[in-house]
Amino acid sequence: MTSTLRLDLSAQSAQTADFPASVSINDSIDLSRHNTMALACVADTVVTLTTEAQLDTFMAKYADSAKQKKPLFVLSGGSNVLLPAQLQAVVLQPKMRGINLVTKTDSYVDIEVMAGENWHDLVVYTVNQGWYGLENLALIPGLTGAAPVQNIGAYGVQLEDCLQYVRAYHLPTKTWHHLTAADCQFGYRDSIFKRAPNTWLISCVGFRLHTNAKKILASYGDVQTVAERYAEQHGRKQAIPDDVMQAIIDIRQQKLPDPKQLANCGSFFQNPIIPQDQFTTLQATYPAIVGYPMPDAMIKVAAGWLIEQAGLKGHGIAPILTHQQQALVLTNHTPYQATQEDVANAQQHIVNVVYEKFAIQLSREPVWVNSDGSIGHHEYVV
Ligand SMILES: Cc1cc2nc3c(=O)[nH]c(=O)nc-3n(C[C@H](O)[C@H](O)[C@H](O)COP(=O)(O)OP(=O)(O)OC[C@H]3O[C@@H](n4cnc5c(N)ncnc54)[C@H](O)[C@@H]3O)c2cc1C
């Protein structure tokens, strides 16, 4: 699956004369096909970067250019953003490609992957090479450079489990940095990049992947059963990471709508974390409530369950409705026309209804982009 709705810039406006031809700079670009929620969006300027040197060149000249007063915003696959109708910013698109094998030993490989590599294609490539660790993160849309931003995670694995370092450009000081995994300050769907928006452009990610085909993580949900079925089909007694990857692709395809068929940006709400006492009280009224124990006597509650129990599965405020099979996913039924405001209305409605029923406030997962390119909150009130 390719998650990225690729934007053909060739037919757009001519390049700005001040910059080298290799840096593609285009004005008034329609980004509605460049975000998986398919929200209407026109950006003032889009700069496509295919090498790190182009970023140096652009930033050196940018300081003297007329565009310098506009904020910078980094956009990759657009699968975790809610874009405004008018994006009055300079959008930087990291499209650098390449996967380099840095070290190979009997038990592991170190690889460096450029930001513009499609994430799912990378997962498939590494598993096919016999390099393991990313298989549980199969079929997550987007590009590799965006993966550290929210420390992508699925089926018991987070990016930080394999990430060694990140090469990133610090936009305010125009300097390159090598950030170790510890420097990235990863948390659950969180990192230094997420906490300091409009500050970093990640150009390259270093991973250490293992080569032990017996080491798998398949304890989550149905993964073990489906992986074993694949193993059996291939005459294997035991599931290997290739089987786990196939199982996860299968399960995700059944559960999640493909953004190419139905516009969406994945899980729209984070699973709220509430005190054990509150969970116990809710459990008395709703014995089937789904919760997972967390440190410090807290419980992570399944947001999808809350939305479904609040009677909102398949509902919302048109054209933004929760998905029929997965209430946690908001879908856009008028692609390329619906706006960020439509999303805000549906979001507010869902937050209100869930709060009224459970006294739990849901928080949004995807990144809200303001029209000046800053990352906003669009606070909802309950
Ligand atoms: C169907 C579906 C399923 C999903 N499933 C999962 C899942 O299981 N787990 C999960 O964690 N996520 C999931 N997501 C969310 C999303 O795919 C990930 O967050 C992904 O990493 C976003 O990548 P992107 O290239 O689309 O980033 P974008 O949406 O383009 O950008 C996301 C944010 O990262 C910043 N950014 C992007 N690239 C860079 C860069 N190179 N340097 C610095 N900042 C950058 C942007 O400014 C923005 O703030 C899902 C989304 C969809 C649509």
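These figures come from a predicted structure and were not determined experimentally. (Residues numbered from 1 in each chain as written. Predicted model: local features only at pLDDT ≥ 70, side-chain atom pairs only at ≥ 80, totals over all residues. Heavy atoms only, no water.)

Novice: How would you summarise the state of the cysteines if you had to cite specific residues and measurements?
Specialist: Within this structure, the stated rule accounts for 0 disulfides. Cysteine Cys265 remains unbridged, with the sulfur of Cys41 as its closest cysteine sulfur at 14 Å. (Disulfide = S-S within 2.5 Å.)

Novice: Break down the site of the ligand for me, with residues and values.
Specialist: Around the ligand, 33 residues are found, and the nearest of them are Val74, Ser76, Gly77, Ser79 and Ile202. Ser79 is positioned with one of its side-chain polar atoms (N or O) 2.6 Å from an oxygen atom of the ligand. At 2.8 Å from a nitrogen atom of the ligand is found a main-chain nitrogen or oxygen belonging to Gly153. Contact with the protein chains hides 94% of the accessible area of the ligand, taken as 980 Å² for the molecule alone. Elements that contribute at least two residues to the shell around the ligand include exactly β3 (72-74), β8 (153-154), β12 (200-210) and β13 (263-267). Across the shell around the ligand, the residue classes break down as 19 nonpolar, 12 polar and 2 charged. (Near = heavy atom within 4 Å. Polar contact = N/O pair within 3.5 Å; in protein donor to acceptor, adjacent residues only side chain to side chain. Areas by Shrake-Rupley, 256 points an atom, 1.4 Å probe, with all protein chains shown as cover. Helix = DSSP H or I, 4+ residues; strand = E, 2+ residues; numbered from the N terminus. Nonpolar A, V, L, I, M, F, W, Y, C, P; charged D, E, K, R; others polar.)

Novice: Tell me what's going on with the pairing of β12, and back it up with residues and numbers.
Specialist: In terms of burial, β12 is a largely internal element, 10 of the 11 residues being buried. Across 7 bridges, strand β7 (residues 108-114) lies against β12 in antiparallel orientation. Following the sheet pairing, Tyr108 is matched in β12 by His210. The pairing of strand β10 (residues 163-170) with β12 spans 7 bridges and is classified as antiparallel. The partner of His170 across the bridge, within β12, is Trp200. (Buried < 20%, exposed > 50% of the residue type's maximum accessible area, 1.4 Å probe, protein only. Pairing = 2+ DSSP bridges.)

Novice: Hey, could you go over the sheet that holds strand β4 (residues 81-82) for me, with residue numbers and the actual values?
Specialist: With mixed pairing, 3 strands are arranged side by side in an open sheet as β4-β20-β21. Two strands lie at the open edges of the sheet, namely β4 and β21 (375-376), each paired on one side alone. Of the strand pairs in this sheet, strand β20 (residues 367-369) and β21 are connected by 2 bridges, and their pairing is antiparallel. Counted as the bridge partner of Trp368 is Gly376 from β21. Taken strand by strand, helix α8 (residues 340-358) contacts β4 and β20, and its axis lies near 135° from that of β20. (Contact = heavy atoms within 4.5 Å. Axes fitted to C-alpha atoms, helices over the stretch in contact; angles between N-to-C directions.)

Novice: Got a sec to walk through the layout of surface pockets? Specific residues and values, please.
Specialist: If you add up the space inside the second largest pocket, you get close to 190 Å³. Taken together, 13 residues line the second largest pocket, and the ones lying closest to its centre are Gly133, Glu135, Cys162, His210 and Lys215. A total of 3 residues in the lining of the second largest pocket trace back to one element, the largest contributor, which is β12. Of the residues in the lining of the second largest pocket, the class split is 6 nonpolar, 3 polar and 4 charged. (1 Å grid on protein atoms, 1.4 Å probe; cavity = no way out; pocket = protein on both sides within 12 Å on 5 of 7 lines; lining within 4 Å. Points joined across faces, edges and corners; volume = space filled by probe spheres on them.)

Novice: Explain the sheet that holds strand β1 (residues 24-30) to me, using residue names and the numbers behind them.
Specialist: Strand order across the open sheet formed by 4 strands is β1-β2-β5-β3, with mixed pairing between neighbours. Looking at the sheet topology across the chains shown, the edges are occupied by β1 and β3. Between one strand and the next, the sheet's axes are offset by a mean angle of 30°, whatever the strand orientation. Alignment of β1 against strand β2 (residues 42-49), held across 6 bridges, turns out to be antiparallel. Its bridge partner lying in β2, Ile25 is registered against Val47.

Novice: Account for the packing of aromatic side chains, naming residues and giving values.
Specialist: Considering all chains together, one arrives at 9 aromatic pairs under this definition. Ring centres 6.0 Å apart and planes at 55° place the aromatic pair Trp119 and Phe207 in the tilted group. Taken together, the residues span a long stretch of sequence, with Trp119 in helix α2 (residues 119-129) and Phe207 in strand β12 at a distance of 88 residues. Accessibility expressed as a relative area gives 1% for Trp119, which makes it buried. Taking the centre distance of 5.0 Å and the plane angle of 70° together, the rings of Tyr169 and Trp176 count as edge-to-face. On the accessibility criterion, Trp176 (28% relative accessible area) is partly exposed. Clustering of aromatic rings is evident, with ring pairs tying together Tyr286, Trp305 and Phe358. (Phe/Tyr/Trp six-rings, centres within 6.5 Å; stacked < 30°, edge-to-face > 60°.)

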